[in-house]
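Each chain is listed here by its residues.
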Amino acid sequence: MISYNFAYLDEQTKRSIRRALLKAVAVPGWQIPFGSREMPLPYGWGTGGIQVTASVIGETDRLKVIDQGADDTTNAVAIASFFKRMTGVDITTRTADATIIQTRHRIPEHPLTENQIIVYQVPQPEPLWRLIPERPVAMRAHALGDYGTMYVKLYEDITRFGRVASAYEHPVMVGDRVLMSPSPIPAFDNPKMDRMPALQLFGAGRERRLYAVPPYTSVRSLDFSDHPFHPGRADGTCTLCGSTTSYLDEIIMDDQGTRRFVCSDTDYCSERQDAKEVTP
Amino acid sequence: MSILLQATGLNKRFQNIDALDNVSLTVSRREILAVVGESGSGKSTLLATLAGLQTADAGRITYYGGDRPWDIGDMDEMQLRRLQRTQWGFIHQNARAALRLDVSAGGNIGERLMMNGARNYGDIRETAARWLDEVEIGRERIDEMPLNFSGGMLQRLQIAATLVTSPELVFMDEPTTGLDVSVQARVLDLIRNLVHKLDVATIIVTHDLGVARLLADRTVVMQGGAIVEHGLTDQVLDDPQHPYTQLLVSSVLPS
Ligand SMILES: Nc1ncnc2c1ncn2[C@@H]1O[C@H](COP(=O)(O)OP(=O)(O)OP(=O)(O)O)[C@@H](O)[C@H]1O
Ligand SMILES: [Mg+2]
């Protein structure tokens, strides 16, 4: 039987990724190149996030993996079981119990703490890529902090959709200096990034870059003075737990096409349902 | 008239070609200067060098706008970018390449404002609308993608997107070349009206002496990277002194 190193990657690779992560923490939001490895998953399945997690995970960690807010989607289950096999760490669905949370598309509703690390899977780390497709030119914009062009996208969003928040991946300024993509999370989650006590790490496997937001760093969503940033949320109530504040998914309940809202964060929702059953 | 831009002793060599050979010139405030000459004579190289888009091997460019004279070679990258996007403008021959075809007309005009720090959507939009009227595209097309605009409309959009910050000095490289003749006349007319209305100094590169005649107060003639003749446009075109200019005028302007 083949034996793998703890967390799959060899120690040297993990060390080089950790060195890149230290640079990333030192310059919040700045994209750091790293030697992305072949992973037993195709790009687009979170290889960047997996490599970051593999580099920081230890035997005593408890890992939670979510995809679109849910722990039980195929992708989340595959990544969790991969780490279970490669590290033996406990997998948990409870946000509060996890020490590392790897995520795609959401930040948990439960506020994160100083004792936690959240690892985002990032398809496209460059927020300027549509507006400045030439990488060296985008790099100059970052170097100079010359970001006015980014507002063209916001202008177009308001013009087309009537409000400033694109539904997801809404660009942010980190530490009042670096323009950053928050990864494809909904704009609703952007405010959670601001001065978050947990360490936030971002990994883009195909683009071979990673970046970080250290604890308590300011993260501001771009907006216009007459169109302030508005974290979008469906105006509804969760059918299952009654939450009026969580981010909701719309689902079709039956053959008649009845639509209901339920929490996108399945752990948050079930915790609230449990609490109701104990104290009716 | 006070000098706005002064270049002295510009040299630029590509491999074994002297694209600029000891070029000196001045442009005054509100003046329109045409740069004419045959293909390969160094017109575009001169314009791009004056505009800070490429650097000369030797020579000096001083800009007397703003609050104090600036030696372009001494400016840091951000200072030069600010100058280029506020007090200067550059209009390229190929509007299609210069504009964002997947961004609305309003967004194209607004970009320069946003790059200069504008952060009020309503103001940006109103300014863009005014400029669409100004260049006769019409404000009702503000949300249209320029993808299907005609060549003339695209060039008029580029003009709006450049003049929106009311620059003091605009560089134009063959702004009407490649357009249908009938369309050319309309764009030239627009340029003439706008530069006079806004009192913006202009350096326009053209190989069309008719364009120089129509627009320019003064004209410089380039050959092989050097300026071989310069003077008031009427003088240069009606009474050319240099044999090369005489050749240009006689072959292009039969009258
Ligand atoms: N990037 C470059 N590399 C090498 N040679 C160049 C470069 N740019 C220009 N040249 C050469 O420098 C000379 C001047 O070119 P330039 O483009 O300035 O001429 P032009 O007067 O604008 O011509 P046209 O009317 O065809 O646009 C030409 O011989 C050209 O081939
Ligand atoms: Mg040219």
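Note that the coordinates shown come from a computational prediction; the quantities given were computed from them, not determined experimentally.

Draft legend 1. Region of the structure containing the overall build of chain A. Along chain A, the regular secondary structure elements total seven helices and 12 strands. A compact globule built from 280 residues should have a C-alpha radius of gyration of about 19 Å, and chain A, at 19 Å, falls within 12% of that. When its C-alpha atoms are laid out on the principal axes, chain A stretches across 60 × 55 × 35 Å. Out of the 280 residues belonging to chain A, those deemed buried represent 52%. Contacts in chain A between residues at least 24 apart in sequence constitute 62% of all its contacts with a sequence separation of at least 6. Charged side chains of chain A number 31 positive and 34 negative; the gap between the two group centres comes to 6 Å.

Draft legend 2. Seen up close, the site of ligand 1. All names here are of chain B. Ligand 1 sits among 13 residues. The nearest are S39, G40, K43, S44 and T45. A distance of 3.2 Å is found between an oxygen atom of ligand 1 and a backbone nitrogen or oxygen belonging to S41. Separating an oxygen atom of ligand 1 from a side-chain N or O atom of K43 is a distance of 2.8 Å. When isolated, ligand 1 has an accessible area of 630 Å², and the protein chains bury 61% of it. The set of elements that each furnish at least two residues to the shell around ligand 1 consists of β2 (17-28) and α1 (43-50). Looking at the shell around ligand 1 residue by residue, the classes come out as three nonpolar, seven polar and three charged.

Draft legend 3. Region of the structure containing the interface of chain B and chain A. With 23 residues of chain B at the contact, the number on the chain A side is 20 residues. Ranking the residues of chain B by area buried against chain A places M114, R119 and Y121 of chain B at the top, with a combined share of 38%. Scanning the region where chain B abuts chain A turns up three salt bridges. We note a salt bridge from E77 of chain B to R140 of chain A, for which the minimum N-O separation is 2.3 Å. For the interface between chain B and chain A, the tally reads 12 residue pairs in polar contact (both at pLDDT 80 or more). Contributing elements (two or more residues each) for the side of chain B that touches chain A: α2 (77-86), α4 (105-115) and α5 (121-134) of chain B. Across the side of chain B that touches chain A, the residue classes break down as nine nonpolar, five polar and nine charged.

Draft legend 4. Inspection of the nonpolar core at higher detail. In terms of nonpolar packing, the biggest core is built from 72 residues, with L128 and F224 of chain A together with I109, W131, V135, L157 and I159 of chain B touching the most fellow members. It is helix α6 (residues 151-163) of chain B that provides the largest number of residues to this core, a total of seven residues. If we skip the residues at most four places from it in the chain, I109 of chain B touches A128, W131, L132, L157, A160, A161 and V164 of chain B.

Draft legend 5. Structural context of the pattern of salt bridges. All chains considered together, the criterion is met by 32 salt bridges over all chains. E126 of chain B is paired through a salt bridge with R139 of chain B; the nearest N and O atoms lie 3.6 Å apart. Placement of E126 of chain B in helix α5 and of R139 of chain B in the loop between α5 and α6 is noted, with a sequence separation of 13 residues between them. E126 of chain B gets classed as partly exposed once you look at its relative accessible area, which sits at 40%. The class of R139 of chain B is partly exposed, set by a relative accessible area of 33%. The network of salt bridges with shared partners includes R140 and D146 of chain A together with E77, R81 and R85 of chain B.

Draft legend 6. Representation of the confidence of the model for chain B within the structure. Overall, the prediction assigns chain B a mean pLDDT of 95, with 98% of residues at 70 or greater. Taken over the whole predicted complex, pTM reads 0.92, whereas the ipTM for its chain interfaces reads 0.92.

Draft legend 7. Highlighting the domain arrangement of chain A. All names here are of chain A. If you check the domain split of chain A, you get domain 1 (11-125 + 171-219) and domain 2 (233-280). Distance between the C-alpha centres of domain 1 and domain 2: 26 Å. Counting residues at the interface gives 14 residues for domain 1, matched by 11 residues for domain 2. Around 1000 Å² of area is buried between domain 1 and domain 2 when both sides are counted, 47% of it from carbon and sulfur atoms. Considering only the surface of domain 1 that becomes buried against domain 2, R94, E109 and F188 emerge as the three largest contributors, covering 46% of it. Here domain 1 is connected to domain 2 by one salt bridge. In this structure, the salt-bridge partner of E271 is R94, at a minimum N-O distance of 2.8 Å. Applying the counting rule to domain 1 against domain 2 returns seven residue pairs in polar contact (both at pLDDT 80 or more). Grouping the amino acids of the side of domain 1 that touches domain 2 by side-chain chemistry returns four nonpolar, five polar and five charged.

Draft legend 8. Highlighting the sheet that holds strand β6 (residues 88-91) of chain B. Residue and element names in this part refer to chain B. Spatially, six strands are ordered β6-β7-β8-β3-β9-β10 in an open sheet, and the strand pairing comes out mixed. The open sheet terminates on both sides in strands that have one partner only, identified here as β6 and β10 (226-232). Put simply, the sheet's adjacent strands are angled 15° from each other on average, direction ignored. Strand direction decides the pairing type here: strand β9 (residues 218-223) and β10, joined by six bridges, are antiparallel. Each residue of the ladder has a partner; that of V221, found in β10, is E229.

Draft legend 9. Looking closely at the domain arrangement of chain B. Residues and elements named next belong to chain B. Taken domain by domain, chain B holds domain 1 (3-87 + 168-250) and domain 2 (99-166). Here the C-alpha centroids of domain 1 and domain 2 sit 25 Å apart. With 15 residues of domain 1 at the interface, the matching set in domain 2 holds 15 residues. Roughly 1400 Å² of surface becomes buried between domain 1 and domain 2 when both sides are summed, with 62% attributable to carbon and sulfur atoms. It is R85, R186 and L190 that lose the most area in domain 1 upon contact with domain 2, and together they represent 38% of the buried surface on that side. Our count for the domain 1 to domain 2 interface comes out at two salt bridges.

Cut-offs used in this document
The numbering scheme is per chain: residues are counted from 1 as the chain's sequence reads. Labels are handed out in written order, letters beginning with A for the chains and numbers beginning with 1 for the ligands. Totals for whole chains, interfaces and linings use every residue, but because this is a predicted model, local features are given only for residues with pLDDT of at least 70 and side-chain atom pairs only at 80 or more, for both listing and counting. Where side-chain values are given, they derive from all heavy atoms of the structure, hydrogens and water being excluded. Counting from the N terminus, the helices are DSSP H or I runs at least four residues long and the strands are E runs at least two residues long. Radius of gyration: over C-alpha atoms. The globule rule applied is 2.2 Å multiplied by the number of residues raised to the 0.38 power. Each residue is assigned to one of three classes by its accessible area relative to the maximum for its type, calculated with a 1.4 Å probe on protein chains only: buried under 20%, partly exposed between the two thresholds, exposed over 50%. Here, two residues are considered to be in contact whenever any of their heavy atoms come within 4.5 Å of each other. Residues scored as charged are limited to Lys and Arg (positive) and Asp and Glu (negative), so that His and the chain ends carry no count. Just so you know, the charge point we use is NZ for Lys, CZ for Arg, CG for Asp and CD for Glu. The cutoff for a nearby residue is simple: one of its non-hydrogen atoms must lie within 4 Å of the molecule or strand. Two N or O atoms form a polar contact when they lie within 3.5 Å of each other; inside protein one atom must be a possible hydrogen donor and the other a possible acceptor, and for residues adjacent in sequence the pair counts only when both atoms belong to side chains. To measure how exposed things are, a 1.4 Å probe is used in the Shrake-Rupley method; for residues, cover is taken only from the protein chains shown. Residue polarity follows a fixed list, in which Ala, Val, Leu, Ile, Met, Phe, Trp, Tyr, Cys and Pro are nonpolar, Asp, Glu, Lys and Arg are charged, and the others, Gly among them, are polar. Each of two parts loses accessible area, computed with a 1.4 Å probe, when they are put together; buried area is these two losses added. A pairing counts as a salt bridge when a side-chain nitrogen of Lys or Arg comes within 4 Å of a carboxyl oxygen of Asp or Glu. Put simply, buried Ala, Val, Leu, Ile, Met, Phe, Trp, Tyr and Cys residues joined by side-chain atoms within 4.5 Å make one nonpolar core. pLDDT: the predictor's confidence for each residue, scored from 0 to 100. All the domain ranges listed were derived from an automatic or database domain assignment. Pairing between strands requires that DSSP locate at least two bridges from one strand to the other. Angles shown run from 0 to 180 degrees and are taken between the N-to-C directions of axes, each axis being a line fitted to C-alpha atoms and, for helices, limited to the stretch in contact.

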